[in-house]
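The lines below spell out each chain.
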Amino acid sequence: MLIRPRRLRISAALRDMVAEVRFHKDMLIYPYFVEKGKNLISPISSMPGINHFSPDTLMKDVEKGLKKGINKILLFGSGEEKSPEGKSAYHKDTVVAQATRLLKKNFKDELYVITDVCLCAYTSHGHCGIVKNGRVHNDLSVTSLARMALVHAEAGADMVAPSDMMDGRVGVIRKALDDADLTDTPIMAYSIKFASAYYGPFREAADSSPQFGDRKSYQMDYRNPNEAMKEAALDEAEGADVLMVKPALAYLDVVNRLRHNTRLPIACYNVSGEYSMVKAAAGRKWIDEKSVVMENMHAFVRAGAGLIITYHARDIAENGW
Ligand code: PBG
Ligand code: ZN
């Protein structure tokens, strides 16, 4: 036999040398749920190891993470007053704005703060936009989202990440930021966000479940990979700096296809349900957590993602996986 593939698998050193993709913890972005209040750390039952923090306790936890190399975080707000229009999403002193100011004051450029921009945690009906005549109204919603992005960027957010899936929001947010001379604040667009049952645990955490209907009139149908490329191309044309695919594990084909369709960096969001499934099985010792988590991380990289948003980030960094 001339060709024996096993020859290159003989030792760990050799396997490391010929490895085709490499994962690095610089790729990781760690999500946080920040809630109004003080001295608060409350566990999220469906996401073992993940908590709600108030801005003060968040500060301490971020510091711990920084020591282990987790220097990029994504902030979600909760606990603000809910209303039909979701007005509490964009007043000057939202809990996300407070936390952002505090974090950036403390950690400066050591910490990269990304904020999620969406109305669902702030609307009484739990939809990601403004409801008019029983439907989520696109253009009204976009106006509010742009205000929210601006509040975050003015509070010092390094990057904003709209997750609402309204049409045209990237362009409107870009213009709002530029008009405020925030031309250096990049937009990471949740470009290809599927209507997914994998968001279940997150909705408990963010208290953002829709109170009627579902999100299928704005989030994507998982049967549509061509439309996914259309969504990404639109966001790119509107000025998005990073394109995201979400969820990650069930959509690696989409990540890979996008890799061949854009020059922009690609982020994938390893969502709450994906995390909870691993944690639940690992908790019962049905799978080996470290091995499964690292296999998943490499799958994201192999598919073409350069940024990985994952609740596993702290475990990976703290345990040196
Ligand atoms: C809200 C939002 C969701 C997630 C991120 N932003 C949930 C949803 O769209 O219902 C999901 C994150 C996760 O499941 O980890 N727009
Ligand atoms: Zn939303």
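The structure we're discussing is the one just above.
Quick summary incoming for the structure in this document. Since we're looking at a predicted model, the values are computed, not measured.

## As for a positive patch on the surface
Link 1 in the chain: On the surface, Arg4, Arg6, Arg7 and Arg9 cluster together into a positively charged patch.
Link 2 in the chain: Here arginine 6 shows up in the segment before helix 1 (12-18).
Link 3 in the chain: Classification of arginine 6 as exposed rests on a relative accessible area of 68%.

## Thoughts on the coordination of the zinc ion (ligand 2)
Link 1 in the chain: For the zinc ion (ligand 2), the full set of protein donor atoms is Cys118 (SG), Cys120 (SG) and Cys128 (SG), at a range of 2.2 to 2.3 Å.
Link 2 in the chain: Of note is the zinc ion (ligand 2), whose four donor atoms meet at the metal with angles of 98 to 118° in an arrangement that counts as tetrahedral.
Link 3 in the chain: All donor residues of the zinc ion (ligand 2) come from one chain, and their arrangement in sequence is C-x1-C-x7-C. Each member of the pair, cysteine 118 as well as cysteine 120, is classed as buried.

## What to know about the environment of serine 54
Link 1 in the chain: Relative to the helices and strands, serine 54 resides in the loop between strand 3 (51-53) and helix 2 (55-67).
Link 2 in the chain: Overall, serine 54 belongs to the buried group, its relative accessible area being 0%.
Link 3 in the chain: As a C-alpha pair, serine 54 and isoleucine 308 span 254 residues in sequence and 25 Å in three-dimensional space.
Link 4 in the chain: Not counting the four nearest positions on each side in its chain, serine 54 is found in contact with Val34, Glu35, Gly37, Lys38, Asn39 and Leu40.
Link 5 in the chain: Polar contacts involving the side chain of serine 54 include one to the main-chain amide nitrogen of asparagine 39, which spans 3.1 Å.

## Quick notes on the side chain of threonine 185
Link 1 in the chain: You can see threonine 185 is positioned in the loop between helix 5 (169-179) and strand 9 (188-193).
Link 2 in the chain: Overall, the relative accessible area of 7% leaves threonine 185 in the buried class.
Link 3 in the chain: Residue contacts for threonine 185: discarding those within four places in its chain leaves Ala153, Ala157, Asp158, Met159, Val160, Arg174 and Leu177.

## Some points on the site of ligand 1
Link 1 in the chain: Around ligand 1 sit 18 residues, and of these Lys193, Arg203, Lys246, Ser272 and Tyr311 come closest.
Link 2 in the chain: In the model, an oxygen atom of ligand 1 is placed 2.6 Å from a nitrogen or oxygen of the arginine 203 side chain.
Link 3 in the chain: In this structure, serine 272 approaches ligand 1 through a side-chain N or O atom, which is 2.7 Å from an oxygen atom.
Link 4 in the chain: Bound to the protein, ligand 1 loses 100% of the 400 Å² it would expose on its own.
Link 5 in the chain: Looking at the shell around ligand 1 residue by residue, the classes come out as ten nonpolar, three polar and five charged.

## Some points on helix 5
Link 1 in the chain: The complete set of buried residues in helix 5 reads Arg169, Val170, Ile173, Arg174, Ala176 and Leu177. Here the buried residues of helix 5 occupy an arc of 165° about the axis, which is enough to place them on one side. Turned more than 90 degrees from where helix 5 packs its buried face, Lys175 and Asp179 sit exposed.
Link 2 in the chain: For helix 5, the secondary structure elements touched by its buried residues are helix 4 (138-154), strand 8 (159-162), strand 9 and helix 7 (225-237).
Link 3 in the chain: The positive-phi residue at the C-terminal boundary of helix 5 is aspartate 181, with phi of around 65°.

## So, the pattern of salt bridges
Link 1 in the chain: Counted by the stated rule, this structure contains 17 salt bridges.
Link 2 in the chain: Across the pair lysine 82 and aspartate 207 runs a salt bridge whose closest N-O atoms are separated by 3.6 Å. Placement of lysine 82 in the loop between strand 4 (72-78) and helix 3 (95-107) and of aspartate 207 in the loop between helix 6 (200-206) and helix 7 is noted, with a sequence separation of 125 residues between them.
Link 3 in the chain: We classify lysine 82 as partly exposed; its relative accessible area is 32%.

## Concerning the nonpolar core
Link 1 in the chain: Grouped together as the largest cluster of nonpolar side chains are 107 residues, with contacts concentrated most on Leu103, Met188 and Ile192.
Link 2 in the chain: Ignoring any residue separated from it by four or fewer positions in sequence, one finds leucine 103 in contact with Leu58, Met59, Val62, Ile73, Leu75, Lys108, Leu111 and Val113.

## Considering a nonpolar patch on the surface
Link 1 in the chain: A cluster of nonpolar side chains, namely Leu8, Met17 and Val18, defines an oily patch on the protein surface of about 300 Å² accessible area.
Link 2 in the chain: Here leucine 8 is to be found in the segment before helix 1.

## Considering the packing of helix 2 against helix 3
Link 1 in the chain: At a minimum axis separation of 10 Å, helix 2 and helix 3 run at an interaxial angle of 45°. Between helix 2 and helix 3, the crossing angle belongs to the class labelled oblique. The way helix 2 lies across helix 3 gives a crossing that is right-handed. Of the residues in helix 3, those in contact with Pro55, Leu58, Met59, Val62, Glu63 and Leu66 of helix 2 are Val95, Gln98, Ala99, Leu102, Leu103, Asn106 and Phe107.
Link 2 in the chain: Its residues assigned to classes, the contact of helix 2 with helix 3 shows ten nonpolar, two polar and one charged.

Each value, and the rule that gives it
- Counting from 1, residues in each chain are numbered in the order their sequence is written.
- All chains are assigned letters beginning at A, and all ligands numbers beginning at 1, according to the order in which they are written.
- The predicted nature of this model means local features are confined to residues of pLDDT at least 70 and side-chain atom pairs, given and counted, to a pLDDT of 80 or more, with totals for whole chains, interfaces and linings taken over all residues.
- Derived side-chain values reflect all non-hydrogen atoms in the structure, with water molecules and hydrogen atoms excluded from consideration.
- Exposure above 30% relative accessible area and the lack of any salt bridge qualify a residue for a patch; like charges then connect within 9 Å, and the nonpolar side chains Val, Leu, Ile, Met, Phe, Trp and Tyr within 5 Å.
- Accessible surface is estimated by sampling points in the Shrake-Rupley manner with a 1.4 Å probe; for residues, cover comes only from the protein chains shown.
- In the sections that follow, a salt bridge refers to a side-chain nitrogen of Lys or Arg positioned within 4 Å of a carboxyl oxygen of Asp or Glu.
- We count Lys and Arg on the positive side and Asp and Glu on the negative side, and we leave His and both chain ends out.
- Positions of charges follow a simple convention, taking NZ of Lys, CZ of Arg, CG of Asp or CD of Glu.
- Think of it this way: any DSSP run of H or I at least four residues long counts as a helix, any run of E at least two long counts as a strand, and we number them from the N terminus.
- Summary of the burial criterion: residues with accessible area below 20% of their type's maximum are buried, those above 50% are exposed, and those between are partly exposed, where the area comes from a 1.4 Å probe applied to protein chains only.
- Coordination here is defined by N, O and S atoms within 2.8 Å of the metal (3.2 Å for Na, K and Ca), and since water is not considered, a site can look incomplete.
- Square planar and octahedral sites, with four and six donors, are those where opposite donors lie more than 155 degrees apart and all other angles lie between 65 and 115, tetrahedral sites have four donors with every angle between 85 and 135 degrees, and the rest are irregular.
- Any two residues having at least one pair of non-hydrogen atoms within 4.5 Å are treated as being in contact.
- Here a polar contact is taken to be a pair of N or O atoms separated by no more than 3.5 Å, where protein atoms must pair a possible hydrogen donor with a possible acceptor and residues adjacent in sequence count only if both atoms sit in side chains.
- Residues are labelled near a given molecule or strand when at least one of their non-hydrogen atoms is within 4 Å of it.
- When residues are grouped by polarity, Ala, Val, Leu, Ile, Met, Phe, Trp, Tyr, Cys and Pro land in nonpolar, Asp, Glu, Lys and Arg in charged, and all others, Gly among them, in polar.
- This arc corresponds to the set of directions leading from the helix axis out to the C-beta atoms.
- Among buried residues, the Ala, Val, Leu, Ile, Met, Phe, Trp, Tyr and Cys ones that are joined through side-chain atoms within 4.5 Å form a nonpolar core.
- Note on geometry: axes are C-alpha line fits, over the in-contact stretch for helices, and angles between N-to-C directions span 0 to 180 degrees.
- Any angle that falls under 35 degrees is termed roughly parallel, while one over 145 is termed roughly antiparallel, one within 65 to 115 roughly perpendicular, and all others oblique.
- Handedness of a helix crossing follows the sense of rotation of the near helix relative to the far helix, less than a right angle counterclockwise being left-handed and clockwise being right-handed.

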